[in-house]
Amino acid sequence: MLRIENLSAFYGEAQVLRDVSLEVSAGEVVTLVGRNGAGKSTLLRCVMGLHPGQRGTVELDGRDITRLPAHKRARLGLGWVPDDRGSYATLTVTENLTLPPTVGPDPWSLERVYEAFPALHTRRDSAATMLSGGEQQMLALARVLRMGARLLLCDEPTEGLSPLLVQQVGDLLREAKRHGVTVLLVEQNLHFATGVADRHYLLAEGRVAEAMDNSEVRSRERELLAYLGI
Amino acid sequence: MSGFAQNTFNGLVSGAFYALLALGLAVIFGMLRVVNFAHGAFYMLGAFGAYVLLAEAGVPFWAALVIMPVGLALLGMALERAVIHRLTKLDPLYNFLLTFGLTLILQDLVKLRYGVQSSPYETPSLLSGSVDFGLFDFPTYRVFILGFAVLLCVAVWWVLTRTRIGMVVRASTERPDLTRAFGIDVGRWVTPVFGFGIGLAGLAGVLAAPMRAVNPLMGADLIIVVFAVVVIGGLGSIFGSVAAGFGIGLVQAWGEAYLSNFPLVSQTIVFVVMAGVLLWRPAGLFGREEAPA
Ligand SMILES: Nc1ncnc2c1ncn2[C@@H]1O[C@H](COP(=O)(O)OP(=O)(O)O)[C@@H](O)[C@H]1O
Ligand SMILES: [Mg+2]
């Protein structure tokens, strides 16, 4: 579904991604792990079409989207959960949810979102930035589900969440997968990652250092955690 | 007491002009991150256009009130497409050079054709005379301006806060990149928003024609205060610009009335207020620190 080939990204002179190639098949959940600063968020930005300094190709469903502007990529079914949660201060919670057009075959209704996230329903008329960090995480995830995005690009969706909420995020991602949604997930929590994902890429110094399956990650968990510095 | 009411009323009427102009500057800045130093020139064009339409073609005030804002909005959109949009990728210095240069060009074009003397514009007959409010009476035309400006500000507010277009504009203003990533073609909204802001300036100009001297420099004098208003309200804040517009109109009118023995103070009071506000709140009364894109 998603194919990245020889992707390089720069901030000015500094090269952050070096010839990254990876693939995510339809219906898969694939994680991207790596130290802080490895370039994971930059990679998601490149896929979304928001990073100006890049080289290489990005393909979606066999179609080259490298030159496609971000809003058109979103309309092809990409749903971004940004690392900073992407809450709008000038939009209410409901507006944050309904801002993106629905782009996929199976968008969640607002009622369904509020049923799944009662906390958001309670605060539906508040400015999104007034929510707690955890609630903003939920909002960011709920927003791409409401879009009906076919490919979710989730940037550390469990960061700073209580174990209970981490559990809920896991349930949601597994449910999305059951409905055929594809997920590229940036994740530092290896335990969580092996619980939801099919495969994993380790990004180190801007390169894909390793591709691993769940059993490999589990057996090397201690080594990987030490490497990630967690 | 009636003197106070008079001053307050006049302050609100001046404030209405400040609010309309500041509102246009705010929506333009929000969407384009461009400070439009040519805003006063479009205000002048609105007034001058109304004058020329009446004097040379017999087009009445009410028609000018529609023709000029629409015409100037179209001119603004054309300018945005032709040159303004190039500013987004350039150093802010070019923003100043281009829009200030535009001001000089527009002013001089008008000067070339019509000279620098002020032209009279008659108050439309429907709005001549005065309205009796019991204890005081106010000129009908000024009452009309105040009511019209308030209605317009409320309408803009309603569109921005209650409609999908308003939501898209708010989102694009706050975080353009993020908004693109949610499937919204932010670029498509830039030109109409610029045109809308220019149209508001033109409208304020038409409204000013019957009560202010119509001449090529009328915008240049006014716009300096409007920039102070925008800074006080918080650059880019819609609500702040309107509130500060009316507020500064009041402060100025009261200052002129009650501090007339201290001309230095009454003439600079707007900038004293601005300095005070900035010391207290660097982003302006209703401004927010810039969020990351
Ligand atoms: N806006 C920016 N300007 C310059 N360098 C940046 C910027 N954003 C990120 N970087 C650098 O790019 C590298 C990769 O960042 P990022 O993609 O955020 O990594 P990760 O998400 O894996 O922690 C880091 O070294 C970071 O310092
Ligand atoms: Mg990151």
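Take the interface of chain A and chain B next. Reports of interface size often rely on the accessible area that becomes lost once the parts have come together. Listed per partner, the contact involves 22 residues of chain A and 19 residues of chain B. Roughly 1,800 Å² is buried in total at the junction of chain A and chain B, and carbon and sulfur atoms are behind 60% of that figure. Of all residues in chain A, H71, Y88 and L99 of chain A bury the most surface against chain B, accounting for 33% of the area lost on that side. Across the contact surface, chain A and chain B share 2 salt bridges. Counting every contact that joins chain A to chain B gives 10 residue pairs in polar contact (both at pLDDT 80 or more). For the side of chain A that touches chain B, the secondary-structure elements that each account for two or more residues are α2 (70-75), α3 (93-98) and α6 (133-147) of chain A. With 4 residues, α2 of chain A is the largest single contributor of residues to the side of chain A that touches chain B. Among the residues forming the side of chain A that touches chain B, the class breakdown is 13 nonpolar, 5 polar and 4 charged.

Taken together, the side chains of L90, L93, Y94, F96, L97, F100 and L104 of chain B make up a nonpolar region of the molecular surface, amounting to roughly 650 Å² of accessible area. Within the secondary structure, L97 of chain B is located in helix α4 (residues 92-114).

Another aspect to go through is unusual backbone geometry. Residues and elements named next belong to chain A. Of note in the backbone geometry, D19 takes a positive phi value of approximately 50° without being a glycine. Among the structural elements, D19 can be located in strand β2 (residues 14-24). If you check the backbone angles, D61 has positive phi at about 50° while not being a glycine. Within the secondary structure, D61 sits in the loop between β4 (54-60) and β5 (63-64). Overall, D61 belongs to the partly exposed group, its relative accessible area being 45%.

Residues and elements named next belong to chain A. Lining the immediate environment of ligand 1, one finds Y11, V16, R35, N36, G37, A38, G39, K40, S41 and T42. Take A38: an N or O atom from its main chain is 3.2 Å from an oxygen atom of ligand 1. Relative to its unbound accessible surface of 560 Å², ligand 1 loses 55% to contact with the protein. Counted by class, the shell around ligand 1 contains 3 nonpolar, 5 polar and 2 charged residues.

A complete count under the given rule lists 18 aromatic pairs over all chains for this structure. Taken together, a centroid distance of 5.8 Å and an interplanar angle of 55° make the contact between W157 of chain B and F239 of chain B tilted. Taken together, the positions of W157 of chain B in helix α5 (residues 140-162) and F239 of chain B in helix α10 (residues 238-258) put the pair 82 residues apart, joining distant regions of the chain. Look at W157 of chain B and you get partly exposed, because its relative accessible area is 42%. For the pair F239 of chain B and F286 of chain B, a centre-to-centre distance of 5.0 Å together with 90° between the ring planes defines the contact as edge-to-face. Pair noted here: F239 of chain B is in helix α10 and F286 of chain B is in the segment after α11 (263-280), with a separation of 47 residues, a long-range link. Judged by relative accessible area, F239 of chain B falls into the partly exposed class, the value being 45%. On the basis of relative accessible area, F286 of chain B is assigned to the partly exposed category, the value being 38%. In this structure an aromatic cluster arises from ring pairing among F61, W62, Y121, Y141, F144 and F148 of chain B. Sitting over the face of the ring of W108 of chain A, R112 of chain A holds its NZ or CZ atom 3.9 Å from the ring centroid.

Definitions and cut-offs
- Residues numbered from 1 in each chain as written.
- Chains lettered and ligands numbered in written order.
- Predicted model: local features only at pLDDT ≥ 70, side-chain atom pairs only at ≥ 80, totals over all residues.
- Heavy atoms only, no water.
- Contact = heavy atoms within 4.5 Å.
- Buried area = accessible area lost by both parts, 1.4 Å probe.
- Salt bridge = Lys/Arg side-chain N within 4 Å of Asp/Glu carboxyl O.
- Polar contact = N/O pair within 3.5 Å; in protein donor to acceptor, adjacent residues only side chain to side chain.
- Helix = DSSP H or I, 4+ residues; strand = E, 2+ residues; numbered from the N terminus.
- Nonpolar A, V, L, I, M, F, W, Y, C, P; charged D, E, K, R; others polar.
- Patch = residues over 30% accessible without salt bridge, like charges linked within 9 Å, V, L, I, M, F, W, Y side chains within 5 Å.
- Areas by Shrake-Rupley, 256 points an atom, 1.4 Å probe, with all protein chains shown as cover.
- Buried < 20%, exposed > 50% of the residue type's maximum accessible area, 1.4 Å probe, protein only.
- Near = heavy atom within 4 Å.
- Phe/Tyr/Trp six-rings, centres within 6.5 Å; stacked < 30°, edge-to-face > 60°.
- Lys NZ or Arg CZ within 6 Å of the ring centre and 35° of its normal.

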